[in-house]
Every structure is written in structure tokens, then in C-alpha cells.
Amino acid sequence: MEHDGVVGKAQEAARETNDHPVVRAAARVGYAASGVIHLLIAWIALQVAMGGSKTSADQSSAMSTIAKAPWGASLLWILVVGFVGLALWQLTEAIGGWHGSGKDAVFSRIKAVSKAVVYVALGWTAATIARGKSSNGATQSAQTTGDILALPGGKLLVILIGLVVVGVGIYHIVKGLRKSFLQDLVDDPGDIAVTAGMIGYPAKGIALIIVGGLFVLAGASGRAAESQGRGGALALLIRQPFGPWLLAAVAVGIGCYGLYSFFRARHTKV
């Protein structure tokens, strides 16, 4: 009974935090921040596809681009607030939100916690770059993979992580094609948003599937360098037949996801 009381109080506190206007506003800023990052990743990827840049098309490069702009550091701190707020909202949603029952509830809570972890990582990267320090997404991914490989059963764990990321990628593709992303919204965002979501989610899903595949390859081979994050995944595309065209198409799709994120910031359920 005492345990139930503690859990109940934790859920009540989480619901109160989740419903706080400041947290909700920060969550909307977080979705808009995600839109900014994805648009910049798309722009960098397009430049790479056209042979005008060798920069890695990932979150770190996008944030470094922001840092070089006038008032860039200030904008990065706004992104930090948004990502942290969105992480807090996802975490409190996982603890105190209504997720149904059974396997669906477990999956929903795990998804919310996973998103919180991702947004914390994005906030940390933004804060690191805002403080004038460098951050390399491919290097960080390889270092993290190397640390996991060093653990007992590390190869299997890296393979499992890769398979999970592939699964998330497939989920994004299905979500886009079925337009089920509209279930995240409180009202109709309009035809532009729907079209952007239908293109953007599958494009992001393709990138995630490649990222997951690189993790599986790293686990199977025991070489951490095989795992290079989203930048490495997009770089892999350009090395394929018709690579520049493939990369350009995915870049446009990621840009559409960024555009949709702005609509989600306005219309999302928070």
C-alpha cells in the first residue's frame, strides 16, 4: 500500500508538471527547434548532394551552422530550452500520462522515455556548441558504440540497438504513409502540413533504417567506426548509384519533416 501511495504521488506530480503552461510552451518550442534542425540538416545534405560541401549532414553540423550566425549562441540557448522542455514533457507524460493498458501501454511509455532521452541529448549538444565547444556527431556515435562493444555481450547489444533503430525507421515510414501522425494533433493542420508529413516521415524513416543498419554492421564486425550516426547514413547514400539524386531526394524529405515540425508545434497535443 505504501508503494502504491508513492507511485500515485509520483504520477500526480508528473501530471501537474505535464500540465504546467510553462512546460507546455517549452514543449512547443522544442518541436519548433526540431523543425529548425531538420531544415538545416536538409540544407547541408543538399549542398553535399550538389558537391558543394563535405560537411556531415547531422545535428551537430546544423547547430554549428547556427552558432556561426549573428545571435547564433542566443538562438542555440533557445533551442536548449525547447529540447529540455520537450524532454521534460515526454518524461512526465511517460510517468503520469494515460497510456491505456497491456502491451500498448508499455510500448507507449517506453516510446515517451526514449524520446525524452533523445531530446536531452539534443539539448546537451546545443548547449555544448553554444558554449563555444566543438561537437562531432559521427565521432560521438563511434565512441558510444565503442564503449558498448567493450561491455560483456557488447556486440549483441549493439546489434539489438541497430535493430530497434531500424524498427523505429519502419515505424516512421508507416506513420507517414498512413497519415497516422495526424493523431498527434488536436485539429486539422491544413493540406501543406499533411503533405509535408506524408513526405517527411518516410524520408526520416529511411535515414533511420540506414543508421540502424550501420549499428548492426558495427556490432557484427566489432568495428565501432562503422556506426557514424545520421551524417554517416546520408554520406552512405551518395556513394550509391545515382547517389547525389538519392541524397537530394532524402534531403528534400527531411526538409519536409522540418516544415511539418513547425505545424506540429502549433497543433500538437500538449
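Being a predicted model, the structure only gives us computed values, none of them experimental.

If you tally the helices and strands in the protein chain, you get 10 helices and 0 strands. Tracing the protein chain from N to C terminus, the helices and strands come up as α-α-α-α-α-α-α-α-α-α. The proportion of buried residues among the 270 residues of the protein chain is 45%. Of the contacts made within the protein chain by residues no fewer than 6 positions apart, 74% connect residues no fewer than 24 positions apart.

Looking now at the packing of aromatic side chains. Within the structure shown, the criterion is met by 5 aromatic pairs. Residues Phe83 and Tyr119 carry aromatic rings whose centres are separated by 6.4 Å and whose planes lie at 15 degrees to one another, so their mutual orientation is stacked. Of this pair, Phe83 sits in helix α4 (residues 72-96) while Tyr119 sits in helix α5 (residues 102-130); the two residues are 36 residues apart in sequence, bridging distant segments of the chain. You can call Tyr119 buried: its relative accessible area is 12%. Ring centres 5.4 Å apart and planes at 10 degrees place the aromatic pair Phe181 and Tyr201 in the stacked group. Taken together, the residues span a long stretch of sequence, with Phe181 in the loop between α7 (154-177) and α8 (191-221) and Tyr201 in helix α8 at a distance of 20 residues. Overall, the relative accessible area of 2% leaves Tyr201 in the buried class. An aromatic cluster of three or more residues is present, and its members are Phe181, Tyr201, Tyr257 and Tyr260. Between Arg131 and the ring centre of Trp124, over which it is positioned, the NZ or CZ distance is 5.8 Å.

Another point: the confidence of the model for the protein chain. Here the protein chain shows a mean pLDDT of 83. Residues at 70 or above account for 86%. Mean pLDDT across the elements of the protein chain bottoms out in helix α1 (residues 2-18) (67) and peaks in helix α10 (residues 243-267) (92).

Here we come to the packing of α7 against α8. The contact between α7 and α8 brings their axes to 7 Å, and the two run at 165 degrees. In this view, α7 runs roughly antiparallel relative to α8, as classed from their interaxial angle. Pair α7 / α8 crosses with left-handed handedness. Within the contact of α7 with α8, the residues separate by chemical class into 21 nonpolar, 9 polar and 3 charged.

What counts and what doesn't
- Residues numbered from 1 in each chain as written.
- Predicted model: local features only at pLDDT ≥ 70, side-chain atom pairs only at ≥ 80, totals over all residues.
- Heavy atoms only, no water.
- Helix = DSSP H or I, 4+ residues; strand = E, 2+ residues; numbered from the N terminus.
- Buried < 20%, exposed > 50% of the residue type's maximum accessible area, 1.4 Å probe, protein only.
- Contact = heavy atoms within 4.5 Å.
- Phe/Tyr/Trp six-rings, centres within 6.5 Å; stacked < 30°, edge-to-face > 60°.
- Lys NZ or Arg CZ within 6 Å of the ring centre and 35° of its normal.
- pLDDT = per-residue confidence, 0-100.
- Axes fitted to C-alpha atoms, helices over the stretch in contact; angles between N-to-C directions.
- Parallel < 35°, antiparallel > 145°, perpendicular 65-115°, else oblique.
- Left-handed = near helix turned anticlockwise from the far one by under 90°.
- Nonpolar A, V, L, I, M, F, W, Y, C, P; charged D, E, K, R; others polar.

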